[in-house]
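The chain contents come next:
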Amino acid sequence: MSTTGQIIRCKAAVAWEAGKPLVMEEVEVAPPKKHEVRIKILFTSLCHTDVYFWEAKGQTPLFPRIFGHEAGGIVESVGGGVTDLQPGDHVLPIFTGECGDCPHCHSEESNMCDLLRINTERGGMIHDGESRFSINGKPIHHFLGTSTFSEYTVVHSSQVAKINPDAPLDKVCIVSCGLSTGLGATLNVAKPKKGQSVAIFGLGAVGLAAAEGARIAGASRIIGVDLNSQRFDQAKEFGVTEFVNPRDHDKPVQQVIAEMTNGGVDRSVECTGSVQAMIQAFECVHDGWGVAVLVGVPSKDDAFKTHPMNFLNERTLKGTFFGNYKPKTDIPGVVEKYMNKELELEKFITHTVPFSEINKAFDYMLKGESIRCIITMGA
């Protein structure tokens, strides 16, 4: 492309300070350096993680910053040492990586790359610690190594999944974070067998993706647990068959579920981050074979407390990161599930806005009105 090796000037939605509306700015995007690629972002979507760090709750604020980490685009140019990607490739940038060299990448059981594991505090590129974004010479911080709220971004090549060029990027862009996290928690970690029962704690985007995984696996009963009963109707579209609002009962929800299921569900997936829900998700699975999977991120001082007999009675507790998917190896296969009509993505997409109105996406999420809002770049 004619822009190869040159600085690109483009629009980006910049967060100048915590909790304030993003500002559309012209930014300069430097060419990719060693092991980096520059991507033209065509579609991006808003994830709750973006909102959490934009609000700067519970972590060191880092501003000005370009947020965004769920997106789809086309490779514009590649830096030195990049051999598996080339200009024109259709790709999904991912907030975590797969270097291919570390013990985690060599393990069939782990996706927690030593080199490129998620780092929310890094504001520059891993190669030199510097930003590839600037305004009038002043650097703008990256976010999760992706920064997709920009028409062009620079990403480490090991954080880029090359996908089927026929896949519609305005749909499959949501595969790059929340959807795969929930889907993989069920399919790769809980692994329900056909006809088994599954409880999903939390019916936000990740929980609904976990329910979609249970539907794909052929679960006979999918029990949704949420404190907001207004979510229940929507969850039916994702295969949820029964609902429990803990506030409607005067006994612990794990006891309610055990009574509903003759001793407990076969599998449970917790997607809230509430340590109370984590304990409930574990204690509601059946003894002898029940498996509970934790997805939500707890508060830093939380402690998980349960009686050791719950383990001795052959219940299993697992945790997962990004649904145990390796970004480069596995995410193209998730896209193929959609292309083969096994996975339904359209029902996750509740809103679409042009890039110029990106702040509306934040409003929808803060009001609890959206599952995923697609932001169309160049519009």
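No experiment lies behind these values; they were computed from the predicted model shown.

What follows concerns the packing of helix α4 (residues 178-190) against helix α10 (residues 327-339). Where α4 meets α10, the closest approach of the two axes is 12 Å, and the angle between their N-to-C directions is 90°. Taken together, α4 and α10 sit at an angle that is classed as roughly perpendicular. Note on element contacts: α10 touches α4 through Ile331, Val334 and Lys337, opposite Leu179, Ser180, Leu183 and Leu187.

The geometry of an aromatic ring pair comes down to the distance between the two centres and the angle between the two planes. The full count for this structure, using the stated rule, is 12 aromatic pairs. Connected via pairs of aromatic rings, a cluster forms that spans Tyr52, Phe53, Phe63, Phe67 and Phe143.

An order of β1-β2-β6-β7 is seen for the 4 strands of this open sheet, with the pairing classed as antiparallel. Sheet topology places β1 (8-14) and β7 (138-140) at the edges, where each strand pairs with a single neighbour. Each strand axis lies, on average, 50° off the axis of its neighbour in the sheet, ignoring direction. Alignment of β1 against strand β2 (residues 23-29), held across 7 bridges, turns out to be antiparallel. Each residue of the ladder has a partner; that of cysteine 10, found in β2, is valine 27.

Bringing the domain arrangement of the chain into the picture now. We note that the domain assignment places domain 1 (8-176 + 345-376) and domain 2 (181-320) within the chain. Between domain 1 and domain 2, the C-alpha centre-to-centre distance is 30 Å. Summing the contributions of domain 1 and of domain 2, the shared interface buries around 600 Å²; its carbon and sulfur component is 67%. Interface area lost by domain 1 to domain 2 is led by Lys347, Phe348 and Ile371, which between them contribute 83%. For the salt bridge of glutamate 212 with lysine 347, the shortest nitrogen-to-oxygen distance reads 2.7 Å.

Turning our attention to α4. Under the 1.5 Å per step criterion, the end-to-end length of α4 is 17 Å for 13 residues, consistent within 8% with the ideal 18 Å. Helix geometry: α4 is bent most strongly at glycine 184, by close to 35°. Burial within α4 is extensive, with 11 of its 13 residues counted as buried. Here α4 has its buried residues at Gly178, Leu179, Ser180, Thr181, Gly182, Leu183, Gly184, Ala185, Thr186, Val189 and Ala190. Looking at the residues trailing α4, positive phi occurs at lysine 191, about 50°.

What follows covers the environment of valine 297. Tracing the sequence through the fold places valine 297 in the loop between β14 (291-294) and α9 (309-312). Sequence separation of valine 297 and cysteine 105 is 192 residues, and the distance between their C-alpha atoms is 23 Å.

The biggest cluster of nonpolar side chains holds 97 residues, and the ones touching the most others in it are Leu92, Phe149, Val172, Leu179 and Ile331. Ranked by the residues each element gives to this core, the list is headed by helix α5 (residues 205-217), at 6 residues. Looking at which domains feed residues into this core, each of domain 1 (8-176 + 345-376) and domain 2 (181-320) gives three or more. Residues within four places of isoleucine 331 in sequence aside, it is in contact with Leu92, Ile94, Ala161, Val175, Ser180, Phe322, Tyr325 and Lys326.

Under the UniProt annotation, "domain: Alcohol dehydrogenase-like C-terminal" (unreviewed entry) lies at residues 205-336. Annotated as 36% helix and 15% strand, the span residues 205-336 places its first and last C-alpha atoms 20 Å apart.

Here we take up the sheet that holds strand β10 (residues 197-201). Taken in spatial order, the 6 strands line up as β12-β11-β10-β13-β14-β15 in an open sheet, and their pairing is parallel. Of all the strands in the sheet, just β12 (242-244) and β15 (316-319) have a single pairing partner and so form its edges. Ignoring strand direction, the axes of neighbouring strands in this sheet form an average angle of 20°. Looking at chain direction, β10 and strand β11 (residues 221-225) are connected through 5 bridges and run parallel. Across the sheet, residue alanine 199 finds its bridge partner in β11, namely isoleucine 223. Sheet contacts for helix α8 (residues 275-283): β10, β13 (267-270), β14 and β15; angle to β13, the most-contacted strand, approximately 170°.

Along the chain, glutamate 151 falls in the loop between β7 and β8 (152-156). One buried charged residue, glutamate 151, remains without a salt bridge, the closest side chain of opposite sign being lysine 11 at 5.2 Å. Among the polar contacts made by the side chain of glutamate 151, one reaches the main-chain amide nitrogen of lysine 11 at a distance of 2.9 Å. Excluding its chain neighbours within four sequence positions, the residues that come into contact with glutamate 151 are Cys10, Lys11, Ile39, Lys40, Ile41, Phe355, Met377 and Gly378.

The subject of this paragraph is the pairing of strand β5 (residues 90-93). Of the two faces of β5, the one carrying His90 and Leu92 and the one carrying Val91 and Pro93 are both buried. Two strands pair when backbone bridges link them, and strand β4 (residues 70-78) and β5 are joined in this way by 2 bridges, in the antiparallel orientation. Looking across to β5, one finds that glycine 73 is bridged to valine 91.

Criteria and cut-off values
- Residues numbered from 1 in each chain as written.
- Predicted model: local features only at pLDDT ≥ 70, side-chain atom pairs only at ≥ 80, totals over all residues.
- Heavy atoms only, no water.
- Axes fitted to C-alpha atoms, helices over the stretch in contact; angles between N-to-C directions.
- Helix = DSSP H or I, 4+ residues; strand = E, 2+ residues; numbered from the N terminus.
- Parallel < 35°, antiparallel > 145°, perpendicular 65-115°, else oblique.
- Contact = heavy atoms within 4.5 Å.
- Phe/Tyr/Trp six-rings, centres within 6.5 Å; stacked < 30°, edge-to-face > 60°.
- Pairing = 2+ DSSP bridges.
- Domains from an automatic or database assignment.
- Buried area = accessible area lost by both parts, 1.4 Å probe.
- Salt bridge = Lys/Arg side-chain N within 4 Å of Asp/Glu carboxyl O.
- Expected span 1.5 Å × (residues − 1).
- Bend = angle between axes of the 7 residues up to and from the residue.
- Buried < 20%, exposed > 50% of the residue type's maximum accessible area, 1.4 Å probe, protein only.
- Core = buried A, V, L, I, M, F, W, Y, C linked by side-chain atoms within 4.5 Å.
- UniProt positions renumbered as here; feature names shortened; annotations may be inferred.
- Lys, Arg positive; Asp, Glu negative; His and termini not counted.
- Polar contact = N/O pair within 3.5 Å; in protein donor to acceptor, adjacent residues only side chain to side chain.

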